[in-house]
Amino acid sequence: MNIGCVVILVCALLVGTSLGTKAGQQPKPPCRPGFSQNFYTVIVSRDVLRGQSILKDTTLSSERVRFEDCQHNREVGFVSSDPNFSVRPDGLVYAEQEVANLSEPVQFMVTARGLHDPHIWETTVKLALAGHPPSIPLTQVGIEEMLSRAWDSQPRVIKFPRKHQRTSSANGLRRQKRDWVIPPINVPENSRGPFPQMLVRIRSDQDEDIGIRYSITGAGADQPPSDVYNIDPVHGKMYVTRPLDREERASYHLRAHAVDMNGNQVENPIDLYIYVIDMNDNRPEFQNQVYNGSVAEGSKPGSSVMQVTANDSDDYTTANGMVRYRILSQTPHSPIPNMFTINSETGDIVTVAAGLDREKVSQYTIIVQATDMEGNLNFGLSNTATALISITDINDNPPELTVRTFSGEVPENKVNVVVTNLTVVDRDQPHSPNWNAVYRIVSGDPSGHFTIRTNPITNEGMVTVVKPVDFEMNRAFMLTVVVSNQAHLASGIQSSLQSTAGVTISVQDVNEPPVFPVNPKLIRFEEGVPAGTTLTVFAAQDPDHFVRQTVRYSKLSDPANWLKINKTNGQISTMALLDRESVYVKNNVYEATFLAFDNGKSGSPQASGTGTLQIYLIDVNDNAPVLMPRDAQVCERARPSSRVNITASDADADPNVGPFVFELPSFPTSVRRNWTVSRLSGNYAQMRLRIPYLEAGVYDIPVIVSDSGNPPLSNRSVIRIKVCPCDENGDCTTTGAVAAAGLGTGAIIAILICIIILLSMVLLFVVWMKRREKERQAKPLLIDPEDDVRDNILKYDEEGGGEEDQDYDLSQLQQPESLDHIINKPTGVRRVDERPVIAESQYPVRPSLPHPGDIGDFINDGLRAADNDPTAPPYDSLLVFDYEGSGSTAGSVSSLNSTSSGDQDYDYLNDWGPRFKKLADLYGGGDDD
């Protein structure tokens, strides 16, 4: 054993304990999930016994095994290594099945495992009936004692429980009595060895009598992580094989076994609980390397800023995992070096002094140190992080105008013109509600000619004209302006005197156009006033009172060209009759536009203004009514439905329109005798037959309609009515419609006769054409049929079969050395360049007197026969000739001469017909040459 390591560990624990005592109270460590203790002793009251037994599901004690769940939503299940006892979710220990007795203490391990979490946590629970000596609790003294045991130079020996025999006086039954519960084995982490390092020795009392073999099982021995512990099977010495890390695994549960040489169990297995003692081997780790926080400027001392958190992987129940915080430095040191403090246990940073001013210091940088061992700088491990504290702005600086008086000028009659810019200074955060300026005009503009808009970029106030100003009424304005922020000033901050300023605005005079006092101007006149009538005087006024100018007038718009205006005084008169019914009149009003312009000031162009004159035309009765429709249709026999509805309309207006009066003229007398008209309403009337029957035809019926004007106007309108025979439904029949169109019986008969004559002529022409065709077929041809070439098939330029026939043997074109292959050609084999020796095909025979229409059929039949005739040339495009030799027995033909010694008579060519006439003229006329 390394005694030096033991001494250092004990000293570190004692120092941590003394530091905790000086603090006066136990620190509140950061929350970490797990059991609150590594070892629980649960005292079982004898009241739970039923005789000597404990019934199933009996709660053994009110003491709880406490598990800390920092998330408060973790589902954790407990698993016991003893099948007789277990732990409920609320931490109470209960009997999972009936237990015969609890005369001796029972020790087992409880494992906590999250249902959706791979982490596991372990603790040891010892059950003892009331009256048994308690085990040493895991206080600081207990830890020291365990350390002393663990690092004692002579490792302790763990013996298997002794078996005692007891005989009951009543029934002679035997029972076993178990030995004292074996306390856990404590092993410090990060031991330097040498390894393997002996922990304890396991032995059985029977090893003196028989040979014993020892073994251990469980996680760390034969289960993952394997080979952490092993045991000498002969001497029972148990070793740890490598350094342990509590942060990887805090405890191990092993079972020791003893068997004889034959493998038979000689002792009941015993449970070994090994706890890894924590060493301070982990520095505190901040969750973030840089923390960002903020606090408002002007905050009072004690205002919360932010919180920093550091975690230590060491055991938080010991000083190794107890972290303390402190501030190492603050930058800048304004106004004092210690503007902030930190809670050493929780890491909360708060202000400790007043005087935070964003306009002076906008951000502080603080270096925070976290140290374990409860902040002991001599023994603890430390780490640092950076906290950036931003000072947020409050509206503690009112806006101030740069000058007390601003000035500007603006032309009259202009709008949306920026007169001047008001500059302001505000030291608060730019482009925030504490900085954005709001301008108000408090006096000097009762009519609301101006407004002040804020430039969002520069924060300047733009004095803008929103209502035209008139130089002749106001030559200057004196405004009082106040500026403030969008956000209210902070509590205790007063407005500045420089938040108010005056603005002087001068108005510039410009040449204004003439203005019509009444625009538009409405006058009333009756339509039909004669040309040259004066309607009104439409005069304009010049607003420039300080400069005398002459106003002239002209016509700008006159759609009907009815009006004219006097150029000097604006008098308007008519040039034509005013007609209310004109298309240029809308809702009885006629509009015309006129232009008035001055002669301009010195250096200024002319200015012009427009005025609209509206003439309301009063209606007079100058339009006679008209009737609709112009055409109608009735049945020749009077029926209730055989009526004509007529409508009267008048272009005039009330009271010169309806109700209308409808009547039939007295001449011709047949109108009133055959027809009658009756008024249905003011604008409608109905016409029908007065007599039961009227002959079909077209009748022009005059109707006189009068309006209600004073005096009334009348109009004689003619309605063309078609009278026709009708069917049972009251509709005109086809014959009746024709008759009603004005065609009498004689006209219809004449039309039918003309149609018959036309058809007869067509029939005679067809018969004549048929007869002529027969005569032409019976008439013989003028020439001999043998000389007629119209039905002969003439073939020209027979060149062969095309490219597909060009696959031939070129050796046939060469001079052969012998003719044996030609002479000895086998029979039955035909060459494609020879005419086949077979019967020739029969071609169609031409009739002696063919009909002209049959010539085409004859030619087509001949072509089909030639195409299907294998004896017809060409036989092939390649013609092969036999070799004839170098000489010829025939005489020379060079003696033949085209000239003859005697004259030849070619007059017989004249007897061959007209086709040889030209040849006869060429050769027969030698004497004439």
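What you are looking at is a predicted structure, and each value in this text was computed from that prediction instead of being measured. (Residues numbered from 1 in each chain as written. Predicted model: local features only at pLDDT ≥ 70, side-chain atom pairs only at ≥ 80, totals over all residues. Heavy atoms only, no water.)

Q: Looking at this structure, how should I read the overall build of the chain?
A: Of the regular secondary structure elements, the chain holds eight helices and 50 strands. For the chain, buried positions account for 35% of its 929 residues. Contacts spanning at least 24 positions in sequence make up 67% of the contacts within the chain whose residues lie at least 6 apart. Of the roughly 55300 Å² that the chain leaves accessible, carbon and sulfur atoms contribute 51%. (Helix = DSSP H or I, 4+ residues; strand = E, 2+ residues; numbered from the N terminus. Buried < 20%, exposed > 50% of the residue type's maximum accessible area, 1.4 Å probe, protein only. Contact = heavy atoms within 4.5 Å. Areas by Shrake-Rupley, 256 points an atom, 1.4 Å probe, with all protein chains shown as cover.)

Q: Would you mind going over a nonpolar patch on the surface with me for this structure?
A: On the surface, L758, V762, F765, V766, W768 and M769 cluster together into a nonpolar patch covering about 600 Å² of accessible area. In this structure, F765 sits in helix α5 (residues 745–778). Residue F765 is classed as exposed on the basis of its relative accessible area of 51%. (Patch = residues over 30% accessible without salt bridge, like charges linked within 9 Å, V, L, I, M, F, W, Y side chains within 5 Å. Salt bridge = Lys/Arg side-chain N within 4 Å of Asp/Glu carboxyl O.)

Q: Which parts of the structure should I look at to understand the state of the cysteines?
A: Any covalent bond linking the sulfur atoms of two cysteines counts as a disulfide. A complete count under the given rule lists two disulfides for this structure. Each sulfur of the disulfide joining C635 and C726 lies 1.9 Å from the other. Taking the sign of the S-S torsion, about -105 degrees here, the bridge from C635 to C726 comes out left-handed. On the criterion of sequence distance, the pair formed by C635 in strand β44 (residues 631–635) and C726 in the loop between β50 (714–724) and α4 (734–740) is long-range, its members being 91 residues apart. Residue class for C635 comes out buried when judged on its relative accessible area of 6%. Using a relative accessible area of 19% as the deciding quantity, one classes C726 as buried. (Disulfide = S-S within 2.5 Å.)

Q: Just to check I follow, could you spell out unusual backbone geometry for this structure?
A: At the junction of P224 and P225, the peptide bond is cis and its omega measures out at -5 degrees in the coordinates. Within the element layout of this structure, P225 appears in the loop between β13 (212–218) and β14 (229–231). That bond from S334 to P335 is cis: its omega, -5 degrees, falls within 30 degrees of zero. Position of P335 relative to the elements: it lies in the loop between β22 (324–331) and β23 (340–342). Positive phi, close to 55 degrees, is recorded for M373, a residue that is not glycine. Along the chain, M373 falls in the loop between β25 (363–371) and β26 (382–392). Unusually for a residue other than glycine, N416 sits at a positive phi of about 55 degrees. Mapping N416 onto the fold places it in the loop between β28 (405–411) and β29 (418–422).

Q: In this structure, what is going on with the packing of aromatic side chains? I would like to understand it.
A: The description of two aromatic rings rests on the distance between their centres and on the angle between their planes. Within the structure shown, the criterion is met by 15 aromatic pairs. Taken together through their ring pairs, the aromatic side chains of F35, F67, F78 and W121 make up a single cluster. Geometry around Y94 places R88 over its ring, the cationic atom sitting 4.4 Å from the centre. (Phe/Tyr/Trp six-rings, centres within 6.5 Å; stacked < 30°, edge-to-face > 60°. Lys NZ or Arg CZ within 6 Å of the ring centre and 35° of its normal.)

Q: Please explain the sheet that holds β22 as it appears in this structure.
A: To summarise the sheet geometry, strands pair through backbone hydrogen bonds and adopt either a parallel or an antiparallel arrangement. Strands sit in the order β19-β26-β25-β22 across an open sheet of four strands; the sheet is mixed. Of all the strands in the sheet, just β19 (290–296) and β22 have a single pairing partner and so form its edges. When strand polarity is set aside, the average angle formed by the axes of neighbouring strands in this sheet is 30 degrees. Alignment of β25 against β26, held across nine bridges, turns out to be antiparallel. Opposite I366, over in β26, you have A387 as the bridge partner. (Pairing = 2+ DSSP bridges. Axes fitted to C-alpha atoms, helices over the stretch in contact; angles between N-to-C directions.)

Q: Please explain the sheet that holds strand β2 (residues 39–44) as it appears in this structure.
A: Spatially, β2-β9-β8-β5 is the arrangement adopted by the four strands of the open sheet, whose pairing is mixed. Each having just a single partner strand, β2 and β5 (76–80) make up the two edges of the open sheet. For this sheet the average axis-to-axis angle between neighbouring strands, irrespective of direction, equals 30 degrees. Bridging between β5 and strand β8 (residues 106–114) involves five bridges; their strand directions are antiparallel. For G77, the partnering residue across the bridge sits in β8 and is R113.

Q: Just checking my understanding: could you explain the pattern of salt bridges for this structure?
A: If the charged atoms of two oppositely charged side chains come close together, the side chains can form a pair. Enumeration over the complete set of coordinates arrives at 14 salt bridges. Among the ionic pairs, R64 bridges to D90, the shortest N-O distance being 3.6 Å. Here R64 is found in strand β3 (residues 59–64), whereas its partner D90 is found in the loop between β6 (85–87) and β7 (92–95), with 26 residues between them in sequence. The class of R64 is partly exposed, set by a relative accessible area of 34%.

Q: Help me understand a positive patch on the surface, please; the structure alone is not making it clear to me.
A: Judged by side-chain charge, R643, R672, R688 and R690 come together as a positively charged surface patch. With respect to the secondary-structure elements, R643 resides in strand β45 (residues 643–649). (Lys, Arg positive; Asp, Glu negative; His and termini not counted. Charge placed at Lys NZ, Arg CZ, Asp CG, Glu CD.)

Q: For this particular structure, what's the right way to read helix α7 (residues 855–867)?
A: Helical periodicity: at 3.6 residues per turn, an α-helix aligns residues three or four positions apart in one direction. A rise of 1.5 Å per residue sets the reference length of α7, with its 13 residues, at 18 Å; its end C-alpha atoms lie 19 Å apart and thus fit the reference within 8%. When α7 is considered as a whole, its buried residues turn out to be I855, F858, G862, A865 and A866. Relative to the axis of α7, the buried residues are bounded by an arc of 95 degrees and lie together on one face. (Expected span 1.5 Å × (residues − 1). Arc of directions from axis to C-beta.)

Q: What is the right way to read the nonpolar core from this model?
A: A general trend in soluble globular proteins is that nonpolar side chains are found buried together. F35, L60, F85, V93, F108, V125 and L127 are the most contacted members of the largest nonpolar core, which totals 28 residues. For this core, the elements supplying multiple residues, two or more each, are β2, β6, β7, β8, β9 (120–129) and β17 (265–277). At five residues, β8 tops the list of elements feeding residues into this core. (Core = buried A, V, L, I, M, F, W, Y, C linked by side-chain atoms within 4.5 Å.)

Q: Help me understand the side chain of S53, please; the structure alone is not making it clear to me.
A: Along the polypeptide, S53 turns up in the loop between β2 and β3. Here S53 falls in the buried class, since its relative accessible area comes to 18%. Not counting residues up to four positions away in its chain, the partners in contact with S53 are V48, E98, V99 and A100.

Q: Explain the confidence of the model for the chain to me, please; I cannot follow it from the model alone.
A: Close inspection of predicted coordinates is inappropriate in any region flagged by low pLDDT. Put simply, the chain has an average pLDDT of 79, and 77% of its residues get 70 or more. Contacts of residues 164–180 to residues separated by more than four positions or lying in other chains number 23 contacts, the stretch itself having pLDDT below 50. A low-confidence stretch, residues 827–832 stays under pLDDT 50, and its non-local contacts, those more than four residues away or across chains, total six contacts. (pLDDT = per-residue confidence, 0-100.)

Q: What exactly am I supposed to notice about the pairing of strand β42 (residues 608–618) here?
A: As a general feature of sheets, a regular strand has side chains that alternate between the two faces. Relative to β42, strand β36 (residues 521–526) runs parallel, the two being bridged by six bridges. In the strand pairing of β42, E526 is matched with I618. Taken together, the nine bridges between strand β41 (residues 589–597) and β42 define a ladder with antiparallel strand orientation. By the bridge assignment, F594 is partnered in β42 with G611.

Q: I'm lost on the environment of S484 in this one. Help?
A: Tracing the backbone shows S484 in strand β34 (residues 476–485). Each C-alpha atom of the pair S484 and D426 lies 10.0 Å from the other, and the pair is 58 residues apart in sequence. With sequence-adjacent residues up to four places away left out, S484 is seen in contact with P399, N436, A437 and V438.

Q: Where do I start with the environment of H431 in this structure?
A: Relative to the elements of secondary structure, H431 occurs in the loop between β30 (424–425) and β31 (437–443). Taking the C-alpha atoms as reference points, H431 and T458, 27 residues apart in sequence, are found 9.3 Å from one another. When sequence neighbours within four positions are dropped, the list of residues in contact with H431 reads N436, P456 and I457.

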